[in-house]
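# Report on the structure
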Amino acid sequence: MNKIIYLDSAATYQKSKKVIESQVDFLRGGYANAGRGICARSVAVDNMVGYARQRVADFMGAHPGQIVFTSGTTAAMNMIAGMLGLGGDKIVAVSDLDHHSARLPFAKSLAKTIVMPLNEKLDIDINQIPYADVMVVTAMSNVLGVAQNVPEIVRMARNKNPNVVVVVDAAQYVVHEKIDVQKWDADFVVWSAHKIGADTGLGLMYVKKPDAYNPVIFGGGMVNKITNGEVFLTPGPEKFEAGTLPLTQIAGVGVAIDELEKNRPDLNLIKYMYDQLSMLPRIKILTRRDATVLTFVIDGMHVLDFGARIGARDICVRVGNMCATWIHNLMGVPGTIRLSVGACNTMDEIKYTVQVIKDIVK
């Protein structure tokens, strides 16, 4: 192989030619600010933003008035924690599946944090859903790559507390499974555009009832008028979008959704690697065969050493704690090696990668 083999799509997805072209076309021939003018180009940008909001809404089974553009999942989680105004009398349920970005904004609030139990398969234990005022649900762990039963988790949570606010981190889930916010019945669902092959710097936040919450970021674009010192906010999702939107990224997100719906990652590639690497005595695989990623450790070899050695053979993989310390602590390992695939990967690349790994661990 004389090219880079990219097996880190779970961290960020490669952009297709069509996504890149859509953004370049916008920059070259359509660039202007949104919500700031009445000239033809400004109106065209407003229409582009409106189309993207509608496309994201359709993709999630939502209404465009429920879709908020943020700078990413991390920003959205922090916004939500602020919007909920969590005090010391509130209980927030999290789990060891959580990414740092999903859990820390709530753990660092004034609320009391409790950890939902996992079952023997390291899924959220539906039979032990606790009472909570807010529940953070990781729809798919970035380490284990298994979809959680979000509708059932939400149902059980609402049985314990009908007023519980459910926040779903779908950043890993979105590339592999269809999000249906109607079926999920969550209050918030967030994911990042770069996880599906759009650009970094753009997050998508579904808010079930936007009118029920007040923004925590203030500035231009979200003010309708100010009268006698009283601020009247712009109605709809725009009230949460203070400042200039990430327009170039928004220009590509609809195309990325189109591309993803036509061509999701081939998880047979993961199964092939699982079958091949599970035969190597030094490798301990930590994920299931039907998972969306392959995560493992190597007996007697530090994950960083493996990362350097396979990287020297032009193969990009992820090593470390994946910003998911809690699940690593639960499994008793400081870090792991993760292989993940995208639409760009081929079986020839996978077979070459397996051979390289065999050479490294022999």
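Quick caveat: nothing in here was measured; it's all calculated off a predicted structure. (Residues numbered from 1 in each chain as written. Predicted model: local features only at pLDDT ≥ 70, side-chain atom pairs only at ≥ 80, totals over all residues. Heavy atoms only, no water.)

### Quick look at the pattern of salt bridges
All chains considered together, the criterion is met by 15 salt bridges. Its salt-bridge partner being R288, residue D123 comes within 2.7 Å of it at the nearest N-O pair. Here R288 lies in the loop between β11 (283–285) and β12 (293–298) and D123 lies in the loop between β4 (112–116) and β5 (134–138), a separation of 165 residues in the sequence. For K262, the salt bridge identified is with E259, shortest N-O distance 3.4 Å. With K262 and E259 both in helix α7 (residues 247–262) and 3 residues apart, this pair spans about one turn of that helix. The structure contains a network of salt bridges with shared partners spanning R158, D185, D187 and K208. (Salt bridge = Lys/Arg side-chain N within 4 Å of Asp/Glu carboxyl O. Helix = DSSP H or I, 4+ residues; strand = E, 2+ residues; numbered from the N terminus.)

### A closer look at the packing of helix α8 (residues 268–277) against helix α11 (residues 347–361)
Between α8 and α11, the least distance of the axes is 10 Å, while the angle of their chain directions is 25°. With respect to α11, the axis of α8 lies roughly parallel. Along this stretch, α8 crosses α11, giving a crossing that reads as right-handed. Across the interface between the two elements, L269, Y272, M273, Q276 and L277 of α8 pack against M347, I350, K351, V354, I357 and K358 of α11. The class makeup of the residues in the contact of α8 with α11 is 8 nonpolar, 1 polar and 2 charged. (Axes fitted to C-alpha atoms, helices over the stretch in contact; angles between N-to-C directions. Parallel < 35°, antiparallel > 145°, perpendicular 65-115°, else oblique. Left-handed = near helix turned anticlockwise from the far one by under 90°. Contact = heavy atoms within 4.5 Å. Nonpolar A, V, L, I, M, F, W, Y, C, P; charged D, E, K, R; others polar.)

### Description of the environment of I285
You can see I285 is positioned in strand β11. Expressed as a C-alpha distance, the spacing of I285 and N224, which sit 61 residues apart in the sequence, is 55 Å.

### A word on the sheet that holds β11
What the 4 strands build is an open sheet, ordered β11-β12-β15-β14; its pairing is antiparallel. In this open sheet, the two edge strands, each paired with only one partner strand, are β11 and β14 (318–320). Mean inter-strand twist for the sheet, computed between neighbouring axes without regard to direction, equals 30°. Note that β12 and strand β15 (residues 336–340) share 4 bridges and pair antiparallel. (Pairing = 2+ DSSP bridges.)

### Comments concerning the sheet that holds strand β6 (residues 165–169)
Strand order in the open sheet formed by 7 strands is β2-β8-β7-β6-β5-β3-β4, with mixed pairing between adjacent strands. In the strand order of this sheet, the two ends are held by β2 (67–70) and β4, each with one partner. Strand-to-strand, the axes of this sheet are offset by a mean angle of 20°, without reference to chain direction. Here strand β3 (residues 91–95) pairs with β4 via 5 bridges, running parallel. Counted as the bridge partner of A93 is I114 from β4. Strands β2, β6, β7 (188–192) and β8 (203–207) of the sheet are contacted by helix α3 (residues 73–83), whose axis makes an angle of about 155° with β7.

### As for the packing of aromatic side chains
Enumeration over the complete set of coordinates arrives at 5 aromatic pairs. When the ring of F188 is compared with that of Y213, the centres are 4.9 Å apart and the planes differ by 55°; the resulting orientation is tilted. Of the two residues, F188 is situated in strand β7 and Y213 in the loop between β8 and β9 (223–227); the sequence distance between them amounts to 25 residues. Accessibility expressed as a relative area gives 0% for F188, which makes it buried. When the ring of F296 is compared with that of F306, the centres are 5.9 Å apart and the planes differ by 80°; the resulting orientation is edge-to-face. Of this pair, F296 sits in strand β12 while F306 is found in helix α9 (residues 303–311), placing the two residues 10 residues apart along the sequence. Across this residue pair, the class does not change: F296 and F306 are buried. Positioned above the aromatic ring of W326 is the side chain of R103, whose terminal nitrogen or guanidinium carbon lies 4.1 Å from the ring centre. (Phe/Tyr/Trp six-rings, centres within 6.5 Å; stacked < 30°, edge-to-face > 60°. Buried < 20%, exposed > 50% of the residue type's maximum accessible area, 1.4 Å probe, protein only. Lys NZ or Arg CZ within 6 Å of the ring centre and 35° of its normal.)

### Looking at the pairing of β5
Most of β5 sits inside the fold, with 5 of its 5 residues counted as buried. Taking every second residue as pointing to the same face, both faces of β5 are buried, with V134, V136 and T138 on one and M135 and V137 on the other. Strand direction decides the pairing type here: β3 and β5, joined by 2 bridges, are parallel. Pairing of A93 across the sheet is with M135, part of β5. Since β5 and β6 lie parallel, the crossover through helix α5 (residues 150–160) that links them has a hand, and here it is right-handed. (Right-handed = clockwise from strand over helix to strand, strands pointing away.)

### Here we look at a nonpolar patch on the surface
On the surface, a cluster of nonpolar side chains totalling about 250 Å² of accessible area is made up of V223, I226 and V231. Locating I226 in the fold gives a position in strand β9. Overall, I226 belongs to the exposed group, its relative accessible area being 56%. (Patch = residues over 30% accessible without salt bridge, like charges linked within 9 Å, V, L, I, M, F, W, Y side chains within 5 Å. Areas by Shrake-Rupley, 256 points an atom, 1.4 Å probe, with all protein chains shown as cover.)

All quantities given are derived from atomic positions and should not be read as evidence of function.
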